[in-house]
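# What the coordinates show
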Amino acid sequence: MRITLGVTGGVAAYKAAELVRRLQQDGFTVQVVMTRGAREFVTPLTFAALSGQKVITDLFGDASGGEANLESAIEHLAVAQRTDLLLVAPATADIIAKFARGMADDFLTTLYLASTAPVVVAPAMNVNMWNHAANQENVEVLRARGVKIVDPAEGYLACGMTGAGRLAGQEDIVAAVREALKAQRDLDGEKVLVTAGPTCEDLDPARYITNRSSGKMGYAVAEAAARRGAKVMLVSGPVNLEAPAGVEYLGVRSAKEMHQAVVERIANCSVAILAAAVADYRPVEQHAEKIKKSDAVLTILLERTTDILAEVARNKGQKIVVGFAAETDHVAENARKKLSAKNADLIVANDITAEGAGFDHDTNIVTLFSRDGRDLALPKMSKSEVAQRILDEVVRLRSVLHTAAALKRSSV
Ligand code: CTP
């Protein structure tokens, strides 16, 4: 498990050094990010020595003499991907205000926006600053957004005053981290099969029919499900993506291979999320040699491939089955039709003509159509955020299913 520890500029910054040790003792890998203010109190070298990792100090390298150690200007996205939890300790009133308003003017604030991992914030400041209405409002905004706040302790403060404002004790902070991580493991014990990417239907050794698909959406779902505790099997067509960490991966080429791979593995799974853009047709004949051109019209006969989603959903039993619909018009109508025709539990529909949605983008705009009649229209968001929302809906549908099964049992 990887924790990114954000250290901000307060007297309590030195306590974050002990916190690094404490987290490591619990088996966490800690990546430290320091704000400019934090570096007025403690040097990056202290944290680098303790964490055994380079300390990240600025978004675009650091003109003020600190460590200019970023591989690239998009490092915050790479760190966001690797982070299982973002902990900020100590957190100043300033960083809390920036998080609340979505400002992104340094590495830590940018990371906060780019990450979908759970966030724990341990404030430390003067008692009047802590109690100020502006600060309290910002804290409430974060709480409402699901950020876990580790309330500061009462006591003697560095400024000479007494009251609430001391950084919470290490054990309280570590307990909050554990709790936040546990809340994220709501797919523990589930076995999730994900299909992703396009399929390629070969015509001859040089040519094939395919669909446009980068695989990004399916890979984001596989990665998010694994992070939430599921055992994930990813069956993928040819894409330019690396299999996410902790996911069992099987590469396939054609719809037939994908179908076969799914059939062999589906029995063991409790959830199927079929995001692949499977070709609906394949050439009837696959030529062993390259077809030579001539002046005559060329006719290629195509036959239907098996609809993997429909087949899985037809025999789904207690499984939750999720499908995707890429539409260009009448999105809601077509998606609802697909939901019932294919017997799925959830259809993730996107209008591929919308700006910022569909193929090759890192963002998507989707509506989730559930079997129990709920429609959830989501705004434009990153594909990893969409993946989290899909899994939230899977968890909700699972509990609806379990409740219905329990009611049925009790009425027998
Ligand atoms: N799907 C599948 N096997 C196929 C075709 C599609 O598993 N042979 C799945 C996709 O992974 C996706 C959903 O079915 O989850 C898409 O359904 P489909 O009817 O193919 O949708 P579109 O191609 O978007 O719709 P249509 O062809 O009806 O316009």
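Details of the structure are given in the entry above.
Summarised in this report is the structure supplied together with it.

What counts, and at which threshold
Residues numbered from 1 in each chain as written. Predicted model: local features only at pLDDT ≥ 70, side-chain atom pairs only at ≥ 80, totals over all residues. Heavy atoms only, no water. Helix = DSSP H or I, 4+ residues; strand = E, 2+ residues; numbered from the N terminus. Buried < 20%, exposed > 50% of the residue type's maximum accessible area, 1.4 Å probe, protein only. Areas by Shrake-Rupley, 256 points an atom, 1.4 Å probe, with all protein chains shown as cover. Lys, Arg positive; Asp, Glu negative; His and termini not counted. Charge placed at Lys NZ, Arg CZ, Asp CG, Glu CD. Pairing = 2+ DSSP bridges. Axes fitted to C-alpha atoms, helices over the stretch in contact; angles between N-to-C directions. Near = heavy atom within 4 Å. Polar contact = N/O pair within 3.5 Å; in protein donor to acceptor, adjacent residues only side chain to side chain. Nonpolar A, V, L, I, M, F, W, Y, C, P; charged D, E, K, R; others polar. Parallel < 35°, antiparallel > 145°, perpendicular 65-115°, else oblique. Left-handed = near helix turned anticlockwise from the far one by under 90°. Contact = heavy atoms within 4.5 Å.

Below, the discussion takes up the overall build of the protein chain. Counting secondary structure elements, the protein chain contains 13 helices and 21 strands. Principal-axis analysis of the C-alpha atoms places the extent of the protein chain at approximately 90 × 65 × 40 Å. Out of the 412 residues belonging to the protein chain, those deemed buried represent 49%. Accessible surface, the protein chain as shown: approximately 20100 Å² in total, 51% of it carbon and sulfur. Between the averaged position of the 48 positive side-chain charges in the protein chain and that of its 50 negative side-chain charges there is a distance of 4 Å.

Take the sheet that holds strand β11 (residues 231-236) next. Strand order in the open sheet formed by eight strands is β12-β11-β8-β13-β16-β17-β19-β20, with mixed pairing between adjacent strands. Only two strands of the sheet have a single neighbouring strand rather than two, namely β12 (248-251) and β20 (375-377). Neighbouring strand axes in the sheet, compared pairwise and without regard to direction, differ in orientation by 15° on average. Sheet topology note: the strand β19 (residues 366-370)/β20 ladder contains three bridges and is antiparallel. In the strand pairing of β20, T367 is matched with A377.

Looking now at the sheet that holds strand β1 (residues 2-7). Strands sit in the order β2-β1-β3-β4-β5 across an open sheet of five strands; the sheet is parallel. Two strands in the sheet have a free side with no partner beyond their single neighbour: β2 (29-34) and β5 (148-149). The sheet contact formed by strand β3 (residues 85-91) and strand β4 (residues 119-123) spans four bridges and is parallel. By the bridge assignment for β4, V88 is matched with V121.

With that settled, the discussion passes to the site of the ligand. Neighbouring residues of the ligand: 14 residues in total, closest L274, A276, T306, F324 and K338. K342 is positioned such that a nitrogen or oxygen atom in its side chain is 2.9 Å from an oxygen atom of the ligand. Starting from 580 Å² of accessible surface for the ligand in isolation, the protein chains cover 74%. Among the elements of the structure, α11 (308-314) and β16 (320-327) are those that each provide at least two residues to the shell around the ligand. Tallied by class, the residues present in the shell around the ligand amount to seven nonpolar, three polar and four charged.

Following both chains from N to C, one finds helix α1 (residues 13-25) and helix α8 (residues 170-183) inclined at 50°, their axes separated by 11 Å at the closest point. As the angle between them shows, α1 and α8 are arranged oblique. The element α1 and its partner α8 pack so that their crossing is right-handed. Of the residues in α8, those in contact with E18, L19, R22 and L23 of α1 are Q170, E171, I173 and V174. Within the contact of α1 with α8, the residues separate by chemical class into four nonpolar, one polar and three charged.

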